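This is what each chain is made of:
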Amino acid sequence: MTTIETKSVHTAQMEERSIRSKVMPIYQTSAFAFSSLEELEGYYEGNGTYLYSRTANPNTDALGQTVADLEGAPKGVSASSGTSAILAGILSVVKSGDHILAAEDVYGGTFLLLKQELALMGIQVHFADFSDISAVEQILIDFPEVQLIFSESITNPFLREEDIEVLSQLKKHYQVKVMIDNTFATPYTVKPYEFGADLVAHSATKYLGGHSDVTAGVLTGDAELVTLAEKRIVNMGLNLSPFEAWLTIRGIKTLALRMKAQTENAQSIAEYLTTKTKVWYPGKGAIVSFEVPESIEVPAFFSSLGWIKIVPTLAGVETTVSYPYGTSHRALSEEEKEKVGVTRRIVRLSAGIEGKDDILEQLAAAFA
Ligand SMILES: *Cc1c(COP(=O)(O)O)cnc(C)c1O
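Within an unreviewed UniProt entry, the label attached to the protein chain reads Trans-sulfuration enzyme family protein, and the organism entered is Metaplanococcus flavidus. Under the UniProt heading Sequence similarities (unreviewed entry), the note attached to the protein chain is "Belongs to the trans-sulfuration enzymes family." According to UniProt, the comment filed for the protein chain under the heading Cofactor (unreviewed entry) is "pyridoxal 5'-phosphate".

The immediate surroundings of the ligand are formed by 13 residues, with T83, D181, S203, T205 and K206 found nearest. A distance of 2.9 Å separates an oxygen atom of the ligand from a polar atom in the side chain of S203. Here an oxygen atom of the ligand sits 2.7 Å away from a polar atom, N or O, in the side chain of T205. When residues in the shell around the ligand are grouped by element, the largest group, three residues, is from helix 4 (residues 82-91).

The next subject is the pattern of salt bridges. Under the definition given, this model contains eleven salt bridges. For R160, the salt bridge identified is with E162, shortest N-O distance 3.1 Å. You'll find R160 and E162 in the same group, each marked buried. A salt bridge links E294 to R345, with the nearest nitrogen and oxygen atoms 3.7 Å apart. One end of the pair, E294, is in the loop between strand 9 (287-291) and helix 12 (298-303); the other, R345, is in the loop between helix 13 (334-340) and strand 12 (346-350), and 51 residues separate them in sequence. On the basis of relative accessibility, which here comes to 19%, the residue R345 falls in the buried class. Three or more residues joined by partner-sharing salt bridges are found here, namely D105, R160 and E162.

At a minimum axis separation of 10 Å, helix 11 (residues 255-274) and helix 14 (residues 356-367) run at an interaxial angle of 30 degrees. Classified by the angle between their axes, helix 11 and helix 14 sit roughly parallel to one another. Judged by the sense of rotation from one axis to the other, the crossing of helix 11 with helix 14 is right-handed. Between helix 11 and helix 14, the residues in contact are N265, S268, I269, Y272 and L273 and K356, I359, L360, L363, A364 and F367, respectively.

Our focus in this paragraph is the pairing of strand 2 (residues 99-103). Most of strand 2 sits inside the fold, with five of its five residues counted as buried. Burial along strand 2 is two-sided: the residues H99, L101 and A103 and I100 and A102 are all buried. Strand direction decides the pairing type here: strand 2 and strand 3 (residues 124-128), joined by five bridges, are parallel. In the strand pairing of strand 3, A102 is matched with F127. Crossover handedness for the path strand 2 to helix 5 (residues 108-120) to strand 3: right-handed. The sheet contact formed by strand 2 and strand 4 (residues 146-152) spans four bridges and is parallel. Note on strand 4: the bridge partner recorded for A102 is F150.

Reading the values: the criteria
Residues numbered from 1 in each chain as written. Predicted model: local features only at pLDDT ≥ 70, side-chain atom pairs only at ≥ 80, totals over all residues. Heavy atoms only, no water. UniProt positions renumbered as here; feature names shortened; annotations may be inferred. Near = heavy atom within 4 Å. Polar contact = N/O pair within 3.5 Å; in protein donor to acceptor, adjacent residues only side chain to side chain. Helix = DSSP H or I, 4+ residues; strand = E, 2+ residues; numbered from the N terminus. Salt bridge = Lys/Arg side-chain N within 4 Å of Asp/Glu carboxyl O. Buried < 20%, exposed > 50% of the residue type's maximum accessible area, 1.4 Å probe, protein only. Axes fitted to C-alpha atoms, helices over the stretch in contact; angles between N-to-C directions. Parallel < 35°, antiparallel > 145°, perpendicular 65-115°, else oblique. Left-handed = near helix turned anticlockwise from the far one by under 90°. Contact = heavy atoms within 4.5 Å. Pairing = 2+ DSSP bridges. Right-handed = clockwise from strand over helix to strand, strands pointing away.

This is the structure:
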């Protein structure tokens, strides 16, 4: 190696075996090198080496395994977003011609995925009010094509708690799988796999990442199904980037601390708001929804929140509010919005980790 052209391409690389980083490094590489054909063959025989980052990368693998461990599930896989984790999970169970039974109050983006995109793939979705389990069972009786039941552990924005155990019991009589989106609750609050769910999906964009600086998803659950979902992720290009996986893992290290602080704040906020208006808070988790009272104009209320920003997401360390009518549920028709109760007066608050007194003071100012 003598020319500057060659030397500047073949930069110095420290021998990895001699490096002991305290924190897992970012494998920011699109592919992995082999020193012999024998070593390359070893990859295909499953010796634990890596080939190409779309098919697998140490950082994305570490994230999948980390969340599986938190959920008490045998296997986990990362995806580029919560939406792609949900899609991959669904496609590990259903194919063209099959049906899905979903809760009518699922997250707006999931509603669009189920209603519009899956229809293009020949998959029909029935939406039902999951608080009425006999209505859920009736659909299973009427439509033996249903292969998958989909719901969320805590729904949005009215924070209905799903009875995962009851849904899982339906598996005994009907040949179906159960998939739960555990984004709002997180494994700090609920572990759906332990209640019988086959698949548990996350938008890691929310509490797992926790700092509103990453878009990521994770699917955990039954090893066989997650292996099938992993194939969908690889073949459909739904993979997460190594840096996003690394950031998400960094966020997860403080998940329990954040959830404890955010849940305590949410509890105090819910107690305060109850003295002012109608409040939805299930007694767990860190999201509180409430109605702007008739005596206050909705736009004025949102403009009076000071440092509590209006943000169409949740779960960061900052306390924020969102406007479900204009964002998460915007794509729903007026009729659909009315059916799930999302009016112009509904506010969804995501409790942060700030001092409780500061949050309550800022809310009081808005009510004043
Ligand atoms: C945000 C969210 C999603 C979608 O996640 P993305 O990371 O934005 O794709 C799915 N389900 C729930 C409950 C969410 O809050």
